[in-house]
Amino acid sequence: MSDPVSWFLIESGWKVVDVGGQEVGSVDEIVGDSSDDIFNGLSISTSLLGRPRYVPSEQVGAITEGQVQLTISKEQVEHLGEYEEPPTTAEILPDGAGRLTRAEAAVEAPIHSHEERLNFLTRLRHALRRLFGR
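What this report covers is the structure whose coordinates are included nearby. No experiment lies behind these values; they were computed from the predicted model shown.

Here the focus is the side chain of aspartate 18. Tracing the backbone shows aspartate 18 in the loop between strand 1 (15-17) and strand 2 (23-33). Buried charged residue aspartate 18 carries no salt bridge. Nearest counter-charge: lysine 74, at 7.2 Å. Engagement of the side chain of aspartate 18 in a polar contact is seen with the backbone nitrogen of glycine 20, the distance being 3.0 Å. A polar atom in the side chain of aspartate 18 sits 2.8 Å from the backbone nitrogen of glutamine 22.

Pasting the structure below:
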């Protein structure tokens with residue numbers, strides 16, 4: 001078994017295995033705040049056409065180079081909820097804020113809707129990578 005690594009090193013496409021070592025999918029996104037070292041969980045792809053599942057950090061066990069092991073079984077993974085991208089944040093300004101302050105805030109914390117980042121081609125690439133190795 002490889003040495004454990006930090007959650008900061010997890011990359012999209014890494015293999016995800018259940019508590020028994022059986023492959024259950026691949027990493028799509030890492031959810032957390034790297035500036036405060038807060039790991040919230042993972043978005044994982046369990047099938048080529050299925051929606052990503054959300055795995056909370058409490059259910060993530062060992063993290064080694066290229067692989068994330070969960071503390072739950074494959075059956076439990078199938079019952080996880082779909083991953084929903086967290087809402088964006090914004091700075092709320094007082095009514096009396098000047099134009100310069102408002103312009104700076106718009107640059108620092110834009111509010112916009114995110115398109116789903118994980119499209120079919122990305123999922124296909126992950127599936128082929130899992131099938132044939134890196």
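So, on to the nonpolar core. By size, the foremost hydrophobic cluster in this structure holds 17 residues, and its most contacted members are Ile10, Leu42, Val60, Val68 and Leu70. Sorting the residues of this core by element identifies strand 2, strand 3 (38-45), strand 5 (60-64) and strand 6 (67-70) as the ones contributing at least two each. Counting residues per element, this core draws most heavily on strand 3, at three residues. Ignoring anything within four residues of it in the chain, the contact list for valine 68 reads Ile10, Trp14, Lys15, Val16, Val17, Val27, Leu42, Val60, Ala62 and Ile63.

All chains considered together, the criterion is met by one salt bridge. In this structure, glutamate 82 and arginine 51 form a salt bridge, with 3.5 Å as the shortest nitrogen-oxygen distance. One end of the pair, glutamate 82, is in the loop between helix 1 (74-78) and helix 2 (99-108); the other, arginine 51, is in the loop between strand 3 and strand 4 (53-56), and 31 residues separate them in sequence. You can call arginine 51 partly exposed: its relative accessible area is 42%.

Attention shifts here to a nonpolar patch on the surface. Taken together, the side chains of Leu48, Leu49, Phe120 and Leu121 make up a nonpolar region of the molecular surface, amounting to roughly 430 Å² of accessible area. Within the fold, phenylalanine 120 resides in helix 3 (residues 120-132).

Attention now moves to the packing of aromatic side chains. Following the criterion strictly, the structure yields three aromatic pairs and no others. Here the aromatic rings of tryptophan 7 and phenylalanine 39 are separated by 5.2 Å at their centres, their planes lie at 25°, and the arrangement is stacked. Pair noted here: tryptophan 7 is in the segment before strand 1 and phenylalanine 39 is in strand 3, with a separation of 32 residues, a long-range link. With a relative accessible area of 13%, tryptophan 7 lands in the buried category.

Phi is positive for aspartate 37, which is not a glycine, with a value near 55°. Residue position: aspartate 37 is located in the loop between strand 2 and strand 3.

Both strand 1 and strand 2 contribute to a ladder of three bridges, which runs antiparallel. From the neighbouring strand, valine 16 faces strand 2, where its bridge partner is glycine 25. Bridge analysis of strand 2 against strand 3 gives seven bridges, and the strand direction is antiparallel. Residue glutamate 29 lies in a different strand from strand 3, and its bridge partner there is serine 43. Linking two consecutive strands that pair antiparallel, namely strand 2 and strand 3, is a turn of four residues; a positive phi of about 55° is found at aspartate 37 within it.

Criteria and cut-off values
- Residues numbered from 1 in each chain as written.
- Predicted model: local features only at pLDDT ≥ 70, side-chain atom pairs only at ≥ 80, totals over all residues.
- Heavy atoms only, no water.
- Helix = DSSP H or I, 4+ residues; strand = E, 2+ residues; numbered from the N terminus.
- Buried < 20%, exposed > 50% of the residue type's maximum accessible area, 1.4 Å probe, protein only.
- Lys, Arg positive; Asp, Glu negative; His and termini not counted.
- Salt bridge = Lys/Arg side-chain N within 4 Å of Asp/Glu carboxyl O.
- Polar contact = N/O pair within 3.5 Å; in protein donor to acceptor, adjacent residues only side chain to side chain.
- Core = buried A, V, L, I, M, F, W, Y, C linked by side-chain atoms within 4.5 Å.
- Contact = heavy atoms within 4.5 Å.
- Patch = residues over 30% accessible without salt bridge, like charges linked within 9 Å, V, L, I, M, F, W, Y side chains within 5 Å.
- Areas by Shrake-Rupley, 256 points an atom, 1.4 Å probe, with all protein chains shown as cover.
- Phe/Tyr/Trp six-rings, centres within 6.5 Å; stacked < 30°, edge-to-face > 60°.
- Pairing = 2+ DSSP bridges.

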